[in-house]
Amino acid sequence: MTLRQIKALPDKAWAPVIVATGAIEQHGPHLPVAVDSLMGQVWSERIATQLSPETACYFAPPITIGKSNEHVGFPGTLFISKDTLRLQLIGIAHQLHQWGFGQMCILNTHGGNTDVIIYTLHEIEAELGLTTCFLRADADYGLPEKERTLGMHANTVETAWLQAIAPQYVDMSQAVSEYPDPAAAAGQLRPEAAPATFAWVTADVSKSGIMGDAPAGTVERGQQWLELTTTGYVQKITALAETGQAAFRAREEADPGV
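The structure reproduced in this document is the subject of the present report. Note that the structure is predicted; figures quoted are calculated from it, not measured.

Here we come to the overall build of the protein chain. Each helix and strand in the protein chain was counted, giving 8 helices and 8 strands. Since a compact globule built from 258 residues should have a radius of gyration of about 18 Å, the 19 Å found for the protein chain is in line with a globular shape. Dimensions along the principal axes, computed over C-alpha positions, put the protein chain at roughly 60 × 35 × 35 Å. Each of the 258 residues in the protein chain was classed as buried or not, and the buried ones make up 48%. Accessible area of the protein chain: about 12800 Å², with a carbon and sulfur share of 54%.

Next up, the structure:
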């Protein structure tokens, strides 16, 4: 888009701007290092083609290198610090705000970015008044409990996705099933996505760089899960756009000078 096009957009005050945040890091011996950033592009393209033409939504350039220091020691891992990631997000938010946009949403594809993104979005809302959202598709893949709790990286899901979208970059002869110590899933304390989490680095919990059942990731499952997740994202973004538009119109009616 040109600056004139951006300046003339009629829906900037409420239309979501999607920023994909990914990573370049090892994904075991069977997957390419660009998995996370590639998936950010995949979701963006699929969402854009499935959104209704009536749904206003814009995609910013992605952040392709994330906070991946947990994968140090494995070749192919590039990473930035949590502070650099935070400043990148804040810098983007300031520019969007100056251009007149009112809603910034993060489509994150790398777990190591999550905590930084969440507290930074709170900061952006408080400082700039932008509406922010950490997008989640809330798709249920029907995975076994062990895979849900300990399958965190280069796992069944990521292997299936890549088999479906870029099989030329997947070497299933190198795919193995490897999990961290099952004790890591005891009670409510888990490595990721739990009420209480603990710090870890991949080299301490995995020899291969895989955490999960990679061989279970098939083309068929990948195609099914890609469709399911895209639908979830489209529904979430559509709702955000509709809610944002309704709120803007309500403010405009209350104060025509808005």
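On to the nonpolar core, then. Within the largest apolar cluster, 32 residues are counted, with the highest numbers of intra-cluster contacts made by Met39, Trp43, Ile47, Leu135, Trp161 and Leu162. Counting only elements with at least two residues in this core, the list comes to helix H2 (35-50), strand E3 (103-108), helix H6 (156-165) and helix H8 (219-254). Element by element, the count of residues in this core is highest for H8, at 6 residues. Non-local contacts of Met39, meaning those with residues more than four positions away in its chain, are made with Thr109, Trp161, Leu162, Ile165 and Leu226.

Turning to the state of the cysteines, a few remarks are in order. Inspection of every chain in the model, using the stated rule, returns 0 disulfides. Cysteine Cys105 shares no disulfide, and the gap to the nearest cysteine sulfur, in Cys133, comes to 4.6 Å. Residue class for Cys105 comes out buried when judged on its relative accessible area of 0%. Accessibility expressed as a relative area gives 13% for Cys133, which makes it buried.

What follows deals with the sheet that holds strand E2 (residues 58-59). Strand pairing in a sheet relies on backbone hydrogen bonds, with the paired strands running either antiparallel or parallel. Spatially, 4 strands are ordered E2-E1-E3-E4 in an open sheet, and the strand pairing comes out parallel. With one partner strand each, in any of the chains shown, E2 and strand E4 (131-134) form the two edges of the open sheet. The pairing of E3 with E4 spans 4 bridges and is parallel. Counterpart to Cys105 in the pairing with E4 is Cys133. Sitting on the sheet, helix H4 (residues 114-128) touches strand E1 (16-21), E3 and E4, and the angle it makes with E4 is about 170 degrees.

This part takes up the pattern of salt bridges. Under the counting rule described, the total for this entry stands at 4 salt bridges. Across the pair Glu70 and Lys67 runs a salt bridge, and its minimum N-O distance is 4.0 Å. Across the pair Asp138 and Lys236 runs a salt bridge, and its minimum N-O distance is 3.9 Å. Of the two residues, Asp138 is situated in the loop between E4 and helix H5 (145-150) and Lys236 in helix H8; the sequence distance between them amounts to 98 residues. With a relative accessible area of 64%, Asp138 lands in the exposed category. In this structure Lys236 comes out as partly exposed when scored by relative accessible area, which is 27%.

So, about the packing of aromatic side chains. Applying the stated rule across the entire model yields 4 aromatic pairs. Centroid distance Trp43 to Trp161: 5.3 Å. Interplanar angle 85 degrees. Geometry classified as edge-to-face. One end of the pair, Trp43, is in helix H2; the other, Trp161, is in helix H6, with 118 residues separating them in the sequence. Trp161 gets classed as buried once you look at its relative accessible area, which sits at 13%. Site record: aromatic cluster; members linked through ring pairs are Trp43, Trp161 and Tyr233.

Of note, Thr84 is situated in helix H3 (residues 82-99). When its relative accessible area of 35% is taken as the criterion, Thr84 is described as partly exposed. Sequence separation between Thr84 and Arg148 is 64 residues, and the spatial gap between their C-alpha atoms is 30 Å.

In this section: the pairing of E3. When you tally the buried positions in E3, you get 6 out of 6 residues, the bulk of the element. Here E3 shows no split at all, with Gln103, Cys105 and Leu107 on one side and Met104, Ile106 and Asn108 on the other all buried. This β-α-β element, E3 to H4 to E4, shows right-handed connectivity.

Let us now look at H4. With 15 residues, H4 ought to run about 21 Å at 1.5 Å a step, and its terminal C-alpha atoms sit 21 Å apart, in line with that. Taken as a whole, H4 has its buried residues at Thr114, Val116, Ile117, Thr120, Leu121, Ile124 and Leu128. Buried residues of H4, seen end-on, are gathered within an arc of 140 degrees and therefore sit on one face of the element. Seen from the buried face of H4, the exposed residues on the opposite side, beyond 90 degrees, are Asp115, His122 and Ala126. Contact partners of the buried residues in H4: E1, H3, E3 and E4. Two residues or fewer past H4, Gly129 is found with a positive phi of approximately 80 degrees.

Rules behind the numbers
Residues numbered from 1 in each chain as written. Predicted model: local features only at pLDDT ≥ 70, side-chain atom pairs only at ≥ 80, totals over all residues. Heavy atoms only, no water. Helix = DSSP H or I, 4+ residues; strand = E, 2+ residues; numbered from the N terminus. Rg over C-alpha atoms; globule rule 2.2 N^0.38 Å. Buried < 20%, exposed > 50% of the residue type's maximum accessible area, 1.4 Å probe, protein only. Areas by Shrake-Rupley, 256 points an atom, 1.4 Å probe, with all protein chains shown as cover. Core = buried A, V, L, I, M, F, W, Y, C linked by side-chain atoms within 4.5 Å. Contact = heavy atoms within 4.5 Å. Disulfide = S-S within 2.5 Å. Pairing = 2+ DSSP bridges. Axes fitted to C-alpha atoms, helices over the stretch in contact; angles between N-to-C directions. Salt bridge = Lys/Arg side-chain N within 4 Å of Asp/Glu carboxyl O. Phe/Tyr/Trp six-rings, centres within 6.5 Å; stacked < 30°, edge-to-face > 60°. Right-handed = clockwise from strand over helix to strand, strands pointing away. Expected span 1.5 Å × (residues − 1). Arc of directions from axis to C-beta.

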